[in-house]
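Okay, here's what each chain looks like letter by letter:
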Amino acid sequence: MNKIIKLSIFLALVAMVSAIFVGLVNNFTSPIIAENLIKSERTNLELLYPGADFKAIENFTDETNQIQGIYSVNDESYVVKLEGKGYSANGFIYLLALNKDLKVDGLVVLSHSETSGIGSKAFEDDYINKLKEGSSDTISGATFTSSAIQRGIEAAKTALGAL
Amino acid sequence: MFKNFKNGLIKENPVFTLYLGMCSALAISTNINNALGMGVSVIMILTLTNVTISAIRKITPDEIRIPVYIVVIASAVSIVEMLVHAFAPSLYSSLGVFISLIVVNCIILGRAEAFASKNGMLKSALDGFSMGVGYTLSLLLISLTREFLATMSLTLTNPFANDAVVFKFAPSFLEPYKISLFQTATGSFFTFAIYSIIFGILKEEKKKTRKVVKRNA
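The structure displayed is predicted, hence computed values, not measured ones.

Right, let's talk about the nonpolar core for a bit. Residue and element names in this part refer to chain B. Of all hydrophobic cores here, the largest spans 29 residues; its most connected members are Phe16, Met38, Ile45, Ile102, Tyr135 and Leu139. Among the secondary structure elements, those contributing two or more residues to this core are helix H2 (22–28), helix H3 (32–55), helix H4 (65–87), helix H5 (89–95), helix H7 (106–116), helix H8 (121–151) and helix H9 (185–216). Among residues more than four places away in sequence, those in contact with tyrosine 135 are Pro14, Val15, Gly21, Ser24, Ala25, Met38, Val42, Asn105 and Ile107.

The following block contains the structure:
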C-alpha cells in the first residue's frame with residue numbers, strides 16, 4: 001500500500017512539473033498565435049474599426065459558403081468577411097460590420113468586378129446607410145449585386161446567432 | 001563520442017534499419033519543406049526528452065518508468081507544437097496532426113527506454129540528437145525523391161519569414177515526365193522499400209568486411 005502511494009506521488013510530481021513548463025510556454029506563445037490569425041486581415045479590418053482590438057473566431061458554421069472569416073471587435077461588435085456572387089461571375093469580397101445586436105454597422109468592399117456606375121452603387125454610402133437602418137431592400141437596376149449583399153447579411157446573422 | 005553520433009545515421013538509422021517512426025515518415029514526406037520541418041521538430045523533442053529522462057533516471061522508480069516517460073514526451077511535444085504554431089504557422093498547417101503524433105513516434109519512447117534510462121545526460125543528448133538527425137536525413141531522402149519524381153521540381157520555402165522562397169529548382173523541360181504516383185501512399189511505400197534495400201545492402205557490406213578482417217587477424 002505504501003509503495004503505491006509513493007509511486008503515485010512521484011508520478012504526480014512529474015506531471016505537475018511538466019504541466020508548469022507547458023503552461024509557461026503556452027502563456028508565451030498564445031498571444032503570438034492569436035496575432036498571427038489577425039495579421040493578414042488587420043489592414044482591412046482597420047478600415048471599419050480603426051485602432052480596435054480584433055480576435056479571429058475559428059468555429060463557425062456557414063451552410064451558404066459565403067463567409068470566409070469572422071472577427072470579433074473589442075469583444076462586442078463583429079466583422080464578417082464574405083464573398084458575394086453578384087453580376088460578375090468573379091464574385092466580390094467585402095467586409096460586413098455588425099454591432100452586438102447584430103445590426104449592420106458598416107460595409108466596405110475589398111475587391112469587385114461589378115459594373116461601375118450600376119452594380120457598384122451597392123457599395124456606396126447611400127445604400128450602406130439604408131442597410132444600417134435595417135432595410136432589406138435591393139437597388140432597382142442593380143439587383144444582382146445588392147441581393148448578393150442581402151444574402152451575405154442573412155448568412156452573417158445566422159452564423160453569429162449560432163455562436 | 002563521435003561513434004554515438006555516427007550510429008544514428010547509418011548503422012542504426014531509425015527509419016530504414018530499425019523501422020521506427022515509419023508512419024509519419026511516409027505520410028508527410030511529400031515535399032522537402034515538410035520533411036525539414038518535421039525532422040527539426042523531432043530532433044528538438046528527442047534531444048529534450050533524452051536529456052530530461054536521463055536526468056531523472058536515478059530517482060525514477062522502475063515500476064512506473066513508462067508512464068513517466070510518456071508524461072515527459074507529451075509535455076515536450078506540446079511545447080514544440082506551440083512554438084511551431086507561433087513562429088512557423090504555415091508549417092503548422094501543413095504538418096497538422098502529425099506534430100501531435102510525434103508523442104507516439106516509436107523512436108522517442110524507444111530511445112528513452114533503450115538508451116536514456118541507462119546513460120548519462122551528455123551521452124543521451126548526443127544519442128537523441130543523432131537519432132533525430134538520422135531521422136531527418138531519411139525523411140529528406142524520401143521527400144527529395146518523391147517531390148522530384150512527382151513534380152519534376154524542388155522548392156524550399158522559409159516558414160519563419162512568411163514562406164519566402166529560399167530556392168526553387170524547376171527545369172521546365174522535365175515537366176511532362178513527372179510521375180504523380182509518388183505523391184500518393186503507394187509511391188511512398190515504393191520509395192521506402194527501395195531505400196530500405198539500399199541501407200540493408202550497406203549494412204551487410206559493413207558486416208562482411210568486419211568478418212573478413214576478423215578471419216585474417
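This is not the end of the story, as more comes after the structure.
Each pair of packed helices can be summarised by the angle the axes make with each other and by the distance between the axes. Residues and elements named next belong to chain B. Running from amino to carboxyl end, H3 crosses H7 at an angle of 35°, the nearest separation of the two axes being 10 Å. Crossing of H3 against H7: the hand is right-handed. Between H3, through Ile45, Leu46, Thr49, Asn50, Ile53 and Ser54, and H7, the contact on the second element is made entirely by Ile107, Ile108, Arg111, Ala112 and Ala116. Taken together, the residues of the contact of H3 with H7 break down into seven nonpolar, three polar and one charged.

Take the sheet that holds strand S1 (residues 54–57) of chain A next. Residue and element names in this part refer to chain A. Taken in spatial order, the five strands line up as S1-S2-S3-S4-S5 in an open sheet, and their pairing is antiparallel. Only two strands of the sheet have a single neighbouring strand rather than two, namely S1 and strand S5 (104–111). In this sheet, adjacent strand axes meet at a mean angle of 25° when their direction is disregarded. Where helix H1 (residues 2–39) meets the sheet, its contacts fall on S1 and strand S2 (67–73), and the angle it forms with S1 comes to roughly 85°.

Let us look at the interface of chain B and chain A. At the interface, 18 residues of chain B touch 16 residues of chain A. For the chain B and chain A pair, buried surface summed over both sides reaches about 1,500 Å², with 84% attributable to carbon and sulfur atoms. Counting the surface chain B buries against chain A, the share from its top three residues, Ile64(B), Met82(B) and Ala86(B), is 31%. The tally of links between chain B and chain A comes to one salt bridge. Residue Lys3(A) is joined to Glu63(B) by a salt bridge in which the shortest nitrogen-to-oxygen separation is 2.3 Å. The tally of links between chain B and chain A comes to two residue pairs in polar contact (both at pLDDT 80 or more).

What follows deals with the packing of aromatic side chains. Per the counting criterion, the structure on display carries six aromatic pairs over all chains. Between Phe92(A) and Phe123(A) the ring centres are 5.2 Å apart and the planes differ by 65°, which places this aromatic pair in the edge-to-face class. Pair noted here: Phe92(A) is in strand S4 (residues 92–98) and Phe123(A) is in the loop between S5 and helix H3 (125–132), with a separation of 31 residues, a long-range link. For Phe92(A), a relative accessible area of 0% gives the class buried. On the basis of an interplanar angle of 20° and a centroid distance of 6.3 Å, the ring pair of Phe148(B) and Phe169(B) is categorised as stacked. In this pair, Phe148(B) is assigned in helix H8 and Phe169(B) in strand S2 (residues 164–169), connecting sequence segments 21 residues apart. For Phe169(B), a relative accessible area of 42% translates into the label partly exposed. One aromatic cluster in this structure is built from Phe92(A), Tyr94(A) and Phe123(A).

Moving on, we get to helix H4 (residues 143–161) of chain A. Residue and element names in this part refer to chain A. The end-to-end C-alpha distance of H4 is 26 Å, a good match for the 27 Å that 19 residues give at a rise of 1.5 Å each. Listed as buried for H4 are Thr145, Ser146, Ala148, Ile149, Gln150, Gly152, Ile153, Ala155, Ala156, Ala159 and Leu160. Those residues of H4 hidden inside the fold are in contact with S2, strand S3 (77–84), S4, S5 and H3.

A few words on a nonpolar patch on the surface. Residues and elements named next belong to chain A. There is a patch of nonpolar side chains on the surface, built from Met1, Ile5, Ile9, Leu13 and Met16 and spanning about 550 Å² of accessible area. Mapped onto the elements, leucine 13 comes out in helix H1. Judged by its relative accessible area of 45%, leucine 13 falls in the partly exposed class.

All names here are of chain A. Judged by how many residues are buried, S2 sits mostly within the fold: six of seven residues are covered. When S1 meets S2, the two strands line up antiparallel, connected through four bridges. The partner of phenylalanine 54 across the bridge, within S2, is valine 73. Across six bridges, S2 lies against S3 in antiparallel orientation. The residue bridging serine 72 from the neighbouring strand is tyrosine 78, located in S3. Where S2 folds back on S3, the antiparallel hairpin that results is connected by three residues, among which asparagine 74 adopts a positive phi of roughly 50°.

To continue, consider H8(B). Relative to the 45 Å expected for 31 residues at 1.5 Å per residue, H8(B) spans 43 Å between its end C-alpha atoms, a close match to the ideal helical length. Of the residues one or two after H8(B), Met152(B) is the one with positive phi, at around 50°.

This part takes up the pattern of salt bridges. Residues and elements named next belong to chain A. If you walk through the whole model with that rule in mind, you get seven salt bridges over all chains. A salt bridge links arginine 42 to glutamate 35; its shortest N-O distance comes to 3.5 Å. With a relative accessible area of 25%, arginine 42 lands in the partly exposed category. Exposure remark for glutamate 35: the relative accessible area of 32% places this residue in the partly exposed category. Among the ionic pairs, glutamate 46 bridges to arginine 42, the shortest N-O distance being 3.4 Å. Linking glutamate 46 with arginine 42, this pair stays in helix H2 (residues 42–48), spanning four residues, or about one helical turn. Within the structure, one salt-bridge network assembled from shared partners comprises Glu35, Arg42 and Glu46.

What counts, and at which threshold
- Residues numbered from 1 in each chain as written.
- Chains lettered and ligands numbered in written order.
- Predicted model: local features only at pLDDT ≥ 70, side-chain atom pairs only at ≥ 80, totals over all residues.
- Heavy atoms only, no water.
- Core = buried A, V, L, I, M, F, W, Y, C linked by side-chain atoms within 4.5 Å.
- Buried < 20%, exposed > 50% of the residue type's maximum accessible area, 1.4 Å probe, protein only.
- Helix = DSSP H or I, 4+ residues; strand = E, 2+ residues; numbered from the N terminus.
- Contact = heavy atoms within 4.5 Å.
- Axes fitted to C-alpha atoms, helices over the stretch in contact; angles between N-to-C directions.
- Left-handed = near helix turned anticlockwise from the far one by under 90°.
- Nonpolar A, V, L, I, M, F, W, Y, C, P; charged D, E, K, R; others polar.
- Pairing = 2+ DSSP bridges.
- Buried area = accessible area lost by both parts, 1.4 Å probe.
- Salt bridge = Lys/Arg side-chain N within 4 Å of Asp/Glu carboxyl O.
- Polar contact = N/O pair within 3.5 Å; in protein donor to acceptor, adjacent residues only side chain to side chain.
- Phe/Tyr/Trp six-rings, centres within 6.5 Å; stacked < 30°, edge-to-face > 60°.
- Expected span 1.5 Å × (residues − 1).
- Patch = residues over 30% accessible without salt bridge, like charges linked within 9 Å, V, L, I, M, F, W, Y side chains within 5 Å.
- Areas by Shrake-Rupley, 256 points an atom, 1.4 Å probe, with all protein chains shown as cover.

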